[in-house]
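What follows is each chain in one-letter form.
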Amino acid sequence: MPHLTRIGLRFSGALLALAVAGCQLPMMQRDDDAPLPISRAPEGCGTRSAETPPVLRLPRTSVPKDGGGSLELAQVHTVNQPLEQAGVWTDYDDNWSLLALELGSPGARSIAVRLRESHLPPQTEIWLCSPDRRLRHGPYREATGGELWTPVVTGDRAVLQVWIPTARKSQLHALLADVYGGYR
């Protein structure tokens, strides 16, 4: 039995060596043969878009006249707009692109977002940030079942950022389904 343990350790060491060597490759290949940079996206919410992001002005968030149910926390603002068309794109020299969009609902105590029908290409990162970039949630790299729900950002405004390798921009598809304006 000790002999098998040593073989297992040698095998594990060989796998580790292969993994480390593989991480040092300058490029990796995807199914469509387009090389992708191994580097990660710039830190989300830390970089501002070169263009001023458009502001998606949502209706005022207010407590329903009936006071809302005991479990209701937010007002749903249905948008149903393709995210890739709602924001503004900035392409950077390091082969990364940023899609930015500001969301605002007067009277909201918090903002959260739901994306649906989402396809996030490899290395895509989604962030939700406060306008001053101090509070940030992300990176989100997957949309399980095509949906992505963000946690809330306090205040009546938030910035949605999508970092993506520039070569993959045309592959991004996400529907900005709803924005939730919290009132409690």
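On a predicted model such as this, the values are computed, not experimentally measured, just so you know. (Residues numbered from 1 in each chain as written. Predicted model: local features only at pLDDT ≥ 70, side-chain atom pairs only at ≥ 80, totals over all residues. Heavy atoms only, no water.)

Q: What is the right way to look at the nonpolar core in this model?
A: The nonpolar side chains of a soluble globular protein tend to be buried with one another. Among the nonpolar cores identified, the biggest contains 27 residues, and Leu83, Leu103, Leu115, Ile126 and Leu176 are the most heavily contacted of them. Going through the elements one at a time, helix H2 (83-86), strand E6 (96-104), strand E7 (110-119), strand E8 (125-129), strand E12 (157-165) and strand E13 (173-182) are the ones with two or more residues in this core. It is E12 that contributes the most residues to this core, four residues altogether. If we ignore the near neighbours within four places in the chain, the residues touching Leu103 are Leu56, Ile111, Val113, Asp156, Arg157, Ala158, Leu176 and Val179. In terms of nonpolar packing, the next biggest core, distinct from the first, is built from eight residues, Trp96, Ala100, Trp127 and Cys129 among them. (Core = buried A, V, L, I, M, F, W, Y, C linked by side-chain atoms within 4.5 Å. Buried < 20%, exposed > 50% of the residue type's maximum accessible area, 1.4 Å probe, protein only. Helix = DSSP H or I, 4+ residues; strand = E, 2+ residues; numbered from the N terminus. Contact = heavy atoms within 4.5 Å.)

Q: Honestly, the state of the cysteines in this entry has me stumped. Any pointers?
A: With the rule as written, the count across this model stands at one disulfide. Paired by a disulfide, Cys45 and Cys129 hold their sulfur atoms 1.7 Å apart. Residues Cys45 and Cys129 share a disulfide whose torsion about the S-S bond is about -75°; that sign makes it left-handed. Here Cys129 lies in strand E8 and Cys45 lies in the loop between strand E2 (36-37) and strand E3 (55-57), a separation of 84 residues in the sequence. (Disulfide = S-S within 2.5 Å.)

Q: Sorry, what's going on with the pattern of salt bridges here?
A: Once the charged atoms of two side chains with opposite charge are near each other, the side chains can pair. In this structure the tally under the stated criterion is six salt bridges. With a closest N to O distance of 3.0 Å, Asp91 and Lys169 form a salt bridge. In this pair, Asp91 is assigned in strand E5 (residues 88-91) and Lys169 in the loop between E12 and E13, connecting sequence segments 78 residues apart. The residue Glu102 makes a salt bridge to Arg157 at a minimum N-O spacing of 2.6 Å. In this pair, Glu102 is assigned in strand E6 and Arg157 in strand E12, connecting sequence segments 55 residues apart. (Salt bridge = Lys/Arg side-chain N within 4 Å of Asp/Glu carboxyl O.)

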